[in-house]
Amino acid sequence: MFDIWVAIIIGIVEGLTEFLPVSSTGHMILVGHLLGFTGPKAETFEIIIQLGAILAVVLLYWRRILRLFGVKAAKGMEDMKSQLNLLHILIAITPAMALAFVFKDFIKILFLPETVVIGLVTGGIFLIVAEKQHPKISAKTIDELTYRQVFYIGMAQILSLWPGFSRSGATIAGGMLAGASRAASADFTFLIAIPVMVAATGYEMLQNYQRFSVEDLGFLAVGFIVSFVVALLAVVTFIKLVQKFKLTYFAYYRFVLAAAVILYMLLVGM
């Protein structure tokens, strides 16, 4: 049984970083190592509580989710053209989910501060490239995204399987390189995070539930609830930041964090 305050701290970290292109998984791995919270249980915990933050996205995008299933949740929606459909979602989530299933054991081995540093730096470079090489915008809103563009977003999401790279960072940058606006890419990124994290959490629970005792359930619940509450308070503000701020700003933060981690490892060890 781990201390509840560890679950609270990691839950807060997850809730604050899930919607920013800085890698919530990377931050949780780094904080977990600082707190001495490592090992198989920690890895499963860090995946499961991400679903708490994703539920905040469900509350924000519930109308659009209903539209995907043909339900008009608001007046005027029936007049919108090029409406996103479930095939867009399926195309975008299949590549990364398939590879994650095949290489699941290898990916878990990468849950280390050293690999997170690599992900932070390379992911930051990718963000800068996307911002500098952004082609002419052909999809200003999420409803204008083409199947080709969401396929590119899905391929970019594969990069996020490396801890520290960032799922939102990879997919937003991938969308921008495919001709989508920053806002459209961000909207779509947060939307496809829902099925991805539901699947990841469900799989983790089915595969590793035997590792947790009854005493651990309270620990899991606290982390999940804290992640959800913090994310719910931050979701609207942070999503607007991602839609409006240049990706280079987040890249610079990633570089500074990576440098701080390297310095810490050299001086103290992690």
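For the structure itself, look to the data block above.
This write-up is about the structure you can find in this document. What you are looking at is a predicted structure, and each value in this text was computed from that prediction instead of being measured.

1. Looking at the packing of aromatic side chains
A ring pair, where both rings are aromatic, is described by two values, the distance of the centres and the angle of the planes.
Consideration 1: Under the definition given, this model contains 8 aromatic pairs.
Consideration 2: Between Phe-19 and Phe-190, the ring centres sit 5.9 Å apart and the planes meet at 70 degrees, which makes this aromatic pair edge-to-face. Taken together, the residues Phe-19 in the loop between helix H1 (4-17) and helix H2 (24-35) and Phe-190 in helix H11 (residues 182-208) connect sequence positions 171 residues apart.
Consideration 3: For Phe-19, a relative accessible area of 1% translates into the label buried.
Consideration 4: An angle of 40 degrees between the planes, with centres 4.8 Å apart, marks the rings of Phe-45 and Phe-219 as tilted. With Phe-45 in helix H3 (residues 40-48) and Phe-219 in helix H12 (residues 214-244), the pair connects residues that are 174 residues apart, well separated along the chain. Neither Phe-45 nor Phe-219 differs from the other in exposure class; each is buried.

2. Observations concerning the environment of Val-242
Consideration 1: Mapped onto the elements, Val-242 comes out in helix H12.
Consideration 2: Classification of Val-242 by relative accessible area gives buried; the value is 0%.
Consideration 3: When the C-alpha positions of Val-242 and Leu-66 are compared, they lie 24 Å apart, and in sequence the two are 176 residues distant.

3. Re unusual backbone geometry
Consideration 1: Although it is not a glycine, Ser-23 adopts a positive phi angle of roughly 80 degrees.
Consideration 2: With respect to the helices and strands, the residue Ser-23 is situated in the loop between H1 and H2.
Consideration 3: Residue classification places Ser-23 among the buried positions, given a relative accessible area of 4%.
Consideration 4: Even without a glycine there, the phi angle at Ser-166 is positive, about 90 degrees.

Rules and cut-offs
- Residues numbered from 1 in each chain as written.
- Predicted model: local features only at pLDDT ≥ 70, side-chain atom pairs only at ≥ 80, totals over all residues.
- Heavy atoms only, no water.
- Phe/Tyr/Trp six-rings, centres within 6.5 Å; stacked < 30°, edge-to-face > 60°.
- Helix = DSSP H or I, 4+ residues; strand = E, 2+ residues; numbered from the N terminus.
- Buried < 20%, exposed > 50% of the residue type's maximum accessible area, 1.4 Å probe, protein only.

Note that all results are geometric; they support no functional claim without further evidence.
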